[in-house]
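# Report on the structure
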Amino acid sequence: MKTSNFIQVPDYAIDHLVIGGGVVGLAVAQRLAQTFPERSTYLVERHDTAGEETSSRNSEVIHAGLYYPPDSLKTRLCLRGRHLLYARCQAHNIPYRKTGKLVVAQEAQRPYIESLHAKAQKFSWPPHSNHAEAHSPVLPTKLISGDEAREMEPDLHTDIAAALWSPETGIIDSHTLMESLERDIAESENGELVYSTRVVRIDPSRNEPGWIVQLVTGDAEEGDALLARTVINCAGLTAPFILNAILPESQRIPMYFARGSYASYRGPGVKQISRLIYPCPAVGKDSHAFHSLGTHLTLDLQGKIRFGPDLDWLGPPVDNDPDFWQKHLVPNDSRLELMYQAVKQYLPGVSQEGFQPDYCGVRPKLVGPEAGFQDFVFRRDKTNGHGEGEMISLLGIESPGLTSSLAIAEYVVEDLMGGAA
């Protein structure tokens, strides 16, 4: 984030400023406009259109919520977000398909899927769920034999000894989802979307509670300033840049980023596949590259098959360049051999020639490659350390961010900001 040389006098004041127009920022702005219709909500996005970073470079999977610690925000918000997302798809005609997912295991990996199944049975419905939902399991799963898995997906390897069936997993058209949220904001009483506009400076206001935010639109050399009584930092990859701009150098948070590459596939060995297929997590020499969930098979709504993502840690951005990630988006074939070898363990009929580089995405990380599980973080900073004038920063919102997006918005607005209070 660039810094201007002086604090401008604000030209006007607003109640809520959302920074970042990815799916999470749009969901937060939509929820604010819906919950507080009498208050002004502005969303500013530095790109020309919504969702040009992480939101448009992911697998578009609606996750069931299997993989995260039971008491984590990732679990809570994924479970709640999945329910909200399916409901919104139905209400707003957003294309989606509840494909279900098989987590497939060789004999030695059976304890892993058994532990996932046992964990799923213990989950309870998260806060804000209605009473009708409480009579059904929040995360239904079923352990099945290898033969039962091959009845569902005949292309699976004969070495697959068991599988975990997750019927609540699905896929979604994320772009249509974002368009529906944009439409709600634009049609609200006091909501406004502002694109091609970047934040260049943030300072605590000395005269009244809030933040003086300086903005520049397009290629203009000078911009204007506004007073935002509350700032919600949903800037994704650049959220740490925004936060660090208000912190003393000794308190600034470190930034980590990882690239995930996807491969498209056209060839033998997948002819009859209609569900998502995830292997058990890799161990040994490939565990670092394919980090936690393995090289899985996903489908899009047109039936196109993709494998990935892998995980490639990136060096920190030079000179705090907010666009550093763009040079890492060019896919290449350097990792296709590893992908092929991993996929062959559960789909033996695939051919290496059928794999082609497809696209890459960059994920915001809060910890480096040697650290363990890292939850979503919602950090709260006040202009004077207490009282009004709050900035809420959403940090490390990677997977399952898309699935959790509507629940993240609910959590920010209802739980952190007090809802209709």
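Being a predicted model, the structure only gives us computed values, none of them experimental. (Residues numbered from 1 in each chain as written. Predicted model: local features only at pLDDT ≥ 70, side-chain atom pairs only at ≥ 80, totals over all residues. Heavy atoms only, no water.)

## A word on the overall build of the protein chain
A tally of helices and strands in the protein chain yields nine helices and 20 strands. Relative to the globule expectation of 22 Å for 421 residues, the C-alpha radius of gyration of the protein chain, 22 Å, shows essentially globular dimensions. Along the first, second and third principal axes, the C-alpha atoms of the protein chain reach 70 × 50 × 35 Å. Intrachain contacts of the protein chain at a sequence separation of at least 6 include 74% that bridge at least 24 residues. By element, 48% of the accessible surface of the protein chain is carried by carbon and sulfur atoms, the whole surface being about 18,300 Å². One finds the centroid of the 39 positive side-chain charges in the protein chain at a distance of 5 Å from the centroid of its 53 negative side-chain charges. (Helix = DSSP H or I, 4+ residues; strand = E, 2+ residues; numbered from the N terminus. Rg over C-alpha atoms; globule rule 2.2 N^0.38 Å. Contact = heavy atoms within 4.5 Å. Areas by Shrake-Rupley, 256 points an atom, 1.4 Å probe, with all protein chains shown as cover. Lys, Arg positive; Asp, Glu negative; His and termini not counted. Charge placed at Lys NZ, Arg CZ, Asp CG, Glu CD.)

## Observations regarding the pairing of strand β13 (residues 256-265)
Counting buried residues in β13 gives nine out of ten residues, a clear majority hidden from the surface. Pairing geometry for β13 and strand β18 (residues 355-365), over ten bridges, is antiparallel. Looking at the pairing, Tyr256 lines up with Lys365 of β18. Examined bridge by bridge, β13 and strand β17 (residues 312-314) share three bridges and lie antiparallel to one another. (Buried < 20%, exposed > 50% of the residue type's maximum accessible area, 1.4 Å probe, protein only. Pairing = 2+ DSSP bridges.)

## Quick look at the environment of Leu26
By the element assignment, Leu26 lies in helix α1 (residues 23-35). Owing to a relative accessible area of 0%, Leu26 belongs among the buried residues under this scheme. Separated by 162 residues in sequence, Leu26 and Ser188 have C-alpha atoms that sit 13 Å apart.

## A few points about unusual backbone geometry
Note that the residue after Gly308, namely Pro309, is joined by a cis bond; omega there is -5 degrees. Structurally, the position occupied by Pro309 is in the loop between β16 (305-308) and β17. The omega torsion of the bond from Ser399 to Pro400 falls at 5 degrees, within 30 degrees of zero and hence cis. On the secondary structure map, Pro400 appears in the loop between β20 (390-395) and α9 (401-416). One non-glycine residue, Glu60, lies in the positive phi region at around 55 degrees. When you line up the elements, Glu60 lands in the loop between β2 (41-44) and β3 (61-62). The backbone phi angle of His128 is positive, close to 80 degrees, even though this residue is not glycine. Relative to the helices and strands, His128 resides in the loop between α3 (110-122) and β6 (142-145).

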